[in-house]
Amino acid sequence: MNKATSVLGGIPSNFMGNSSLWYKRVILGFLVFNPVLLFTAGPVVAGWVLILEFIFTLAMALKCYPLIPGGLLAIEAVFLGLTDSAHVYSEISDNLEVILLLIFMVAGIYFMKTLLLAIFTKILLSVRSKIILSLLFCFASAFLSAFLDALTVTAVIISICVGFYGIYHRFASGKQLQDQSHDHSEDHQVEDSHREDLDHFRGFLRNLLMHAAVGTALGGVMTLVGEPQNLLIATKVNWDFIEFFTRMLPVTVPVLVMGLLTCATVEKFKLLDYGHQIPDAVRAQLEAYEAAEVEKRSFEDKASLAMQAIVALWLIFALAFHLAAVGLIGLTVIVFTCAFTGITDEHHIGEAFTEALPFTALLGIFFAIVAVINDQQLFAPIISSALALEGNSQIVMFYLANGVLSAISDNVFVATVYINEVVDAYNAGEISLEQLDMITVAINTGTNIPSVATPNGQAAFLFLLTSSVAPLVRLSYMKMVLLALPYTIVMSITGFLMCLWVLVPATAAMKEKGLITDHEISSNHTSEQKSGH
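Everything quoted here is computed from the prediction, not taken from an experiment.

J.: An account of the overall build of the chain is needed here, citing residue identities and associated values.
T.: Within the chain, the regular secondary structure consists of 25 helices and zero strands. Computed over the C-alpha atoms, the radius of gyration of the chain is 24 Å, within 12% of the 24 Å expected from 2.2 N^0.38 for a compact globule of 533 residues. In terms of its C-alpha atoms, the chain occupies a principal-axis envelope of roughly 70 × 70 × 45 Å. Split into buried and exposed, the 533 residues of the chain put 54% on the buried side. When contacts within the chain are restricted to residue pairs at least 6 apart in sequence, long-range pairs at least 24 apart make up 76% of them. A gap of 11 Å separates the mean positions of the 26 positive and 44 negative side-chain charges of the chain.

J.: Provide a residue-level description of the packing of helix α18 (residues 380–387) against helix α20 (residues 411–427), including the pertinent values.
T.: Contact pair α18 / α20: the axes reach a minimum separation of 11 Å and the direction vectors enclose 40°. One element, α18, and the other, α20, form an angle in the oblique class. The two elements α18 and α20 cross, and the hand of that crossing is right-handed. Here Ile 382, Ile 383 and Leu 387 of α18 lie close against α20, whose contacting residues are Val 417, Tyr 418, Glu 421, Val 422 and Ala 425. Partitioned by chemical class, the residues of the contact of α18 with α20 number seven nonpolar, no polar and one charged.

J.: Summarise the side chain of Asn 448; cite the residues concerned and give the values.
T.: Relative to the helices and strands, Asn 448 resides in helix α21 (residues 433–448). In this structure the side chain of Asn 448 is engaged in a polar contact, spanning 3.2 Å, whose partner is the side chain of Gln 229. Engagement of the side chain of Asn 448 in a polar contact is seen with the backbone oxygen of Asn 444, the distance being 2.8 Å. Filtering out sequence-adjacent residues up to four positions away, Asn 448 remains in contact with Ala 217, Val 221, Glu 227, Gln 229, Asn 230 and Gln 458.

J.: Please provide a residue-by-residue account of the packing of aromatic side chains, values included.
T.: Per the stated rule, a full pass over the model turns up 13 aromatic pairs. Ring centres of Phe 30 and Phe 56 lie 5.8 Å apart, and the angle between their planes is 80°; on these two criteria the pair is classed as edge-to-face. Of this pair, Phe 30 sits in helix α2 (residues 21–41) while Phe 56 sits in helix α3 (residues 43–59), placing them 26 residues apart in sequence. Accessibility expressed as a relative area gives 18% for Phe 30, which makes it buried.

J.: Tell me about helix α5 (residues 85–94), and name the residues and values.
T.: Burial in α5 covers these residues: His 87, Val 88, Ser 90 and Glu 91. The arc that holds the buried residues of α5, viewed along the axis, is 160°, so those residues lie on one side. Within α5, the exposed residues directed more than 90 degrees away from the buried face are Ser 85, Ala 86 and Tyr 89. Those residues of α5 that are buried lie in contact with α4 (67–80) and α17 (357–375). Where α5 starts, the residue carrying a side-chain oxygen 3.1 Å from the main-chain nitrogen of Ala 86 turns out to be Asp 84.

J.: With reference to specific residues and values, describe the confidence of the model for the chain.
T.: The predicted model of the chain has a mean per-residue pLDDT of 87, with 95% of residues at 70 or higher. Scored below 50 in pLDDT, residues 524–533 makes 16 contacts in the model with residues more than four places away or belonging to other chains.

J.: Could you give me a rundown of unusual backbone geometry, with the residues and numbers involved?
T.: Although it is not a glycine, Asn 238 sits at a positive phi angle of roughly 65°. As for its position among the elements, Asn 238 is in the loop between α11 (228–237) and α12 (241–268). In this model, Lys 270 sits at a positive phi of 50°, which is unusual for a non-glycine residue. Among the secondary structure elements, Lys 270 is positioned in the loop between α12 and α13 (280–296). Residue classification places Lys 270 among the exposed positions, given a relative accessible area of 51%.

J.: Help me get a handle on the nonpolar core, residues and values and all.
T.: Among the nonpolar cores identified, the biggest contains 159 residues, and Phe 164, Ile 443 and Leu 464 are the most heavily contacted of them. Among residues more than four places away in sequence, those in contact with Phe 164 are Leu 117, Phe 120, Thr 121, Leu 124, Phe 201, Leu 205 and Leu 286.

J.: Could you give an account of a nonpolar patch on the surface, with specific residues and numbers?
T.: Residues Phe 269, Leu 271, Leu 272, Leu 482, Leu 485, Ile 489 and Ile 493 make up a contiguous nonpolar surface patch of about 620 Å² in total accessible area. Take Leu 482: its relative accessible area is 34%, and that puts it in the partly exposed class.

J.: Got a sec to walk through the pattern of salt bridges? Specific residues and values, please.
T.: Under the criterion given, the structure shown has twelve salt bridges. Residue Asp 187 is joined to Arg 202 by a salt bridge in which the shortest nitrogen-to-oxygen separation is 2.5 Å. Residue Asp 187 is found in the loop between α9 (150–172) and α10 (192–220), and its partner Arg 202 is found in helix α10; the two are separated by 15 residues along the sequence. Relative accessible area serves as the criterion here: at 16%, Asp 187 is assigned to the buried category. The class of Arg 202 is buried, set by a relative accessible area of 5%.

J.: Tell me what's going on with the packing of α20 against α21, and back it up with residues and numbers.
T.: Remark: α20 packs on α21, axes separated minimally by 10 Å, with the N-to-C direction vectors making an angle of 175°. Classified by the interaxial angle, the pair formed by α20 and α21 is roughly antiparallel. Counting all contacts with α20, which are made through Asn 411, Val 414, Ala 415, Tyr 418, Ile 419, Val 422, Val 423 and Tyr 426, the residues of α21 involved are Leu 433, Leu 436, Ile 439, Thr 440, Ile 443 and Thr 447. Among the residues forming the contact of α20 with α21, the class breakdown is eleven nonpolar, three polar and no charged.

J.: Account for the environment of Val 36, naming residues and giving values.
T.: Within the element layout of this structure, Val 36 appears in helix α2. You can call Val 36 partly exposed: its relative accessible area is 48%. Along the backbone, Val 36 and Ala 46 are ten residues apart, and their C-alpha atoms lie at a distance of 9.1 Å.

What counts and what doesn't
- Per-chain numbering applies: the sequence of each chain, read as written, is numbered from 1 onward.
- Given that the model is predicted, a residue must reach a pLDDT of at least 70 before its local features are reported, and side-chain atom pairs must reach 80 or more before they are shown or counted; all residues, however, enter totals for whole chains, interfaces and linings.
- Water and hydrogen atoms play no part in the side-chain values, which are based on all heavy atoms of the structure.
- Working definition: helices are DSSP H or I runs of at least four residues, strands are E runs of at least two. Numbering for both runs from the N terminus.
- Each radius of gyration is computed over the set of C-alpha atoms, and the globule rule expresses the reference value as 2.2 Å times the number of residues to the power 0.38.
- Three labels apply to residues, based on accessible area from a 1.4 Å probe with only protein chains included: buried if under 20% of the type maximum, exposed if over 50%, partly exposed otherwise in between.
- Residues count as neighbours in contact if any of their non-hydrogen atoms are within 4.5 Å of one another.
- When charges are tallied, Lys and Arg are placed among the positive residues and Asp and Glu among the negative ones, while His and the ends of the chain are skipped.
- Note on charges: their place is set at NZ of Lys, CZ of Arg, CG of Asp or CD of Glu.
- Helix axes are fitted to C-alpha atoms over the stretch in contact, other axes to C-alpha atoms as well, and angles between N-to-C directions run from 0 to 180 degrees.
- By definition in this entry, angles of less than 35 degrees are roughly parallel, angles greater than 145 are roughly antiparallel, angles of 65 to 115 are roughly perpendicular, and the rest are oblique.
- Helix crossings fall into two classes, left-handed where the near helix is turned counterclockwise from the far one by less than a right angle and right-handed where it is turned clockwise.
- When residues are sorted by character, Ala, Val, Leu, Ile, Met, Phe, Trp, Tyr, Cys and Pro go into the nonpolar class, Asp, Glu, Lys and Arg into the charged class, and all the rest, Gly among them, into the polar class.
- Contacts described as polar in this section are N or O atom pairs within 3.5 Å, which, within protein, must combine one atom able to donate a hydrogen with one able to accept it, while residues neighboring in sequence count only if both atoms come from side chains.
- Under the pairing criterion, centres of Phe, Tyr and Trp rings, with the six-membered ring standing for Trp, must be within 6.5 Å; the plane angle then separates stacked pairs below 30 degrees from edge-to-face pairs above 60, leaving the rest tilted.
- Here the arc refers to the set of directions running from the helix axis out to each C-beta atom.
- Known as pLDDT, the predictor's per-residue confidence is scaled from 0 to 100.
- Nonpolar cores are built from buried Ala, Val, Leu, Ile, Met, Phe, Trp, Tyr and Cys residues. Side-chain atoms within 4.5 Å join them into one set.
- For patches, a residue must show more than 30% relative accessible area and have no salt bridge; joins then use 9 Å for like charges and 5 Å for nonpolar side chains, namely Val, Leu, Ile, Met, Phe, Trp and Tyr.
- Here, Shrake-Rupley sampling with a 1.4 Å probe gives the accessible areas, and only protein chains in the shown set may cover a residue.
- Salt bridge, as applied in this entry: a Lys or Arg side-chain nitrogen positioned within 4 Å of an Asp or Glu carboxyl oxygen.

Next comes the structure, spelled out in structure tokens:
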């Protein structure tokens, strides 16, 4: 980029920093084009175009963090009247629990990374089969997400992979393994003899990250605590933990099995970009690092690991029994780990928040786009057409509509809109309780399963894309879409077939055996939700 020769010349030079000139021009073009489109084609068309533009900024995340171009588009949408600041604030306040989770839980995991790195280094070095290792990452993420939270699990996996990457990058750059000041985001110090191994290691970590990310979706769909929208859906139809889990089984178990089979298949046959093996040189450095860590571990270090393990047990217990909002539990993790591992310096504590806060700000922009979708009723025609169908066609339509719309927007918002509409339809006598139950399963599975197609479809995927590990392992938007493709196809088709052929008879069979029972629906949930806007 040419250096500016005047103050006025410095303005375009500073705009969006080091982003490509063509990308800057595209964003400026969007900002100029949107008002013209609004006044010529109307707010609905302008709203849909805004969604596509925002998705484009997510796809270009490695060129420029989406907070900046996406934020400009969202602010313009408010000024153009596609939504208003009060509605944006309402969306953010309605999702305060997710925001607190990002701020505090991700920071809490940061203080447990020593323990996590030690555990997963043991697993990585003990399991030499890439297929078994991938299945372990996928299944462990699914299991943890079912009882904890997908974002928390993703934060753990990111922390682990950043730790692995940093160990080898220090060696490849000629640094000591214990040199914590080394900047592993820069490759200019990497020795030529190690560049090929580093590239293979990046591919290996990309594979593990994607298997784990898909695992969070496989497990998150199964329980009412797995994803934020699950709890919302369960509340609307008055399902408890056991009933939610049981009603989802006809769809979620086959999808889980097929997801794990897909994991093994893509690794076995090295489909797309899967099948990367850990280079021997990398394994040797990880082994050397672990041996050095074990040898130099003092009694204070061992006590610190023990306390981190105790805090981890507290975290699982508190989340499993819902002792408080997830974010508040994360705050207790920060307090406990810092208190009992000797971390008292403000700057050291502040480092824990650098990972999550940019994404938290981006989520605020995301909620502004969601407010536009809501205010302009962009999804209303699809909901109306789905309610007009009958029988299995209606169930399948809700599954597909939720899947497609979640992939291009936000699955929490999509689930909120759809479940409110169908509960309203039930209260108005337009559908029966049995129809409501079937549609509810379709809404939950639709928002959780096909939405793995894109990073913006799942909060955990978007968190991964915009995290510090993504540029390290060269994980771009389109690379994530490509790596998710086999999972998207297999899991979506499996969910579709289960909704079409298995869900209704399986639910009837479970009712006969007394595993699930009829229930009452309170109509005040929907009215409260609507009055909130």
